[in-house]
Every structure is written in C-alpha cells, then in structure tokens.
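A structural walkthrough
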Amino acid sequence: MAGPGRVTGPLLDVLDVLLRAHDDEAGDLHGWAIMKAARRSGPTVYGVLDRLEDLGWINGHWERENPDPSKPRRRLYRITAAGAAGARSLLRERRPEPVSQPLCPAFGTMLPRWLNPAAQGGSK
C-alpha cells in the first residue's frame, strides 16, 4: 500500500482527528468539524483530505440532504481500514507522545468525547 508521500504537520493532525473518530465509532465527519478539531484552515484541511481520498485512506461522500435546508449539503469523510492502519503507523512513528489537551480548546468540554482526550483520561 502506498503511503502519503510527504508527511506534514497538517497531515498528521487530520489523520489524528479521523483516527480518533474511527476508534470512538463517531461516524462520518464533515470538513468543518475536522478543521476545528485539527485547528487548521479550510484550504489546508481540504488539501489533505483530497490527498488521503486519492490514496484510498479515506472515503468521502455527499450527505443526502443537509439537516438545515437553508445550507448546502456537506461532504462527509470516514477513514478506511487501510487508512487507519497507515495513520496508526505514521502517528506512532512521528508522534510517539499522546496528545494531552483537547484538539480544539475553544470548545473545551463541549467537544464530543472522541475529540476531548481529557474526558477520556488521555488519548488513545
């Protein structure tokens, strides 16, 4: 299986968010949630998501209809089994220390459990 090539901080941040969602069975994530959790800009996150989708590490699909009819449909993402294995390997190699703070401190305890390692007693 091919890897992502150049490994960057934004790539690791996005993989960390997607892997946490996968491990906690949180379901599909939309780009805005990934941006906020990874604390990265939209163009940066969507560039990483495009790369990961091209590699087959994530699957993306459009939601059937947005819960808010006044807004456009969102694109949802989920890490694949191959992506989860690759993400675990990269994160173990590049970030041996677990993340000790919530990924998005602005939301504090309002974060879903899978985004708030402090609520879990540490990260996975």
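Attention in this report is confined to the structure presented alongside it. These numbers come from a predicted model, not from an experiment.

**Regarding the pattern of salt bridges**
All told, the structure shown has eight salt bridges when counted by the stated rule. Ionic pairing is found between D13 and R95, a salt bridge with its closest N-O pair at 2.5 Å. Here D13 is found in helix α1 (residues 9-23), whereas its partner R95 is found in the loop between α4 (81-94) and α5 (117-120), with 82 residues between them in sequence. By relative accessible area, D13 is classed as buried at 14%.

**Looking at helix α2 (residues 31-38)**
The element α2 is extensively covered by neighbouring structure, given that six of its eight residues are classed as buried. Those residues of α2 lying buried are G31, A33, I34, M35, A37 and A38. Against α1, β1 (29-30), α3 (42-55) and β3 (75-79) lie the buried residues of α2. Where α2 ends, the next residue or the one after it, R39, has phi of about 55 degrees, a positive value.

Rules used in this analysis
- Residues numbered from 1 in each chain as written.
- Predicted model: local features only at pLDDT ≥ 70, side-chain atom pairs only at ≥ 80, totals over all residues.
- Heavy atoms only, no water.
- Salt bridge = Lys/Arg side-chain N within 4 Å of Asp/Glu carboxyl O.
- Helix = DSSP H or I, 4+ residues; strand = E, 2+ residues; numbered from the N terminus.
- Buried < 20%, exposed > 50% of the residue type's maximum accessible area, 1.4 Å probe, protein only.
- Contact = heavy atoms within 4.5 Å.

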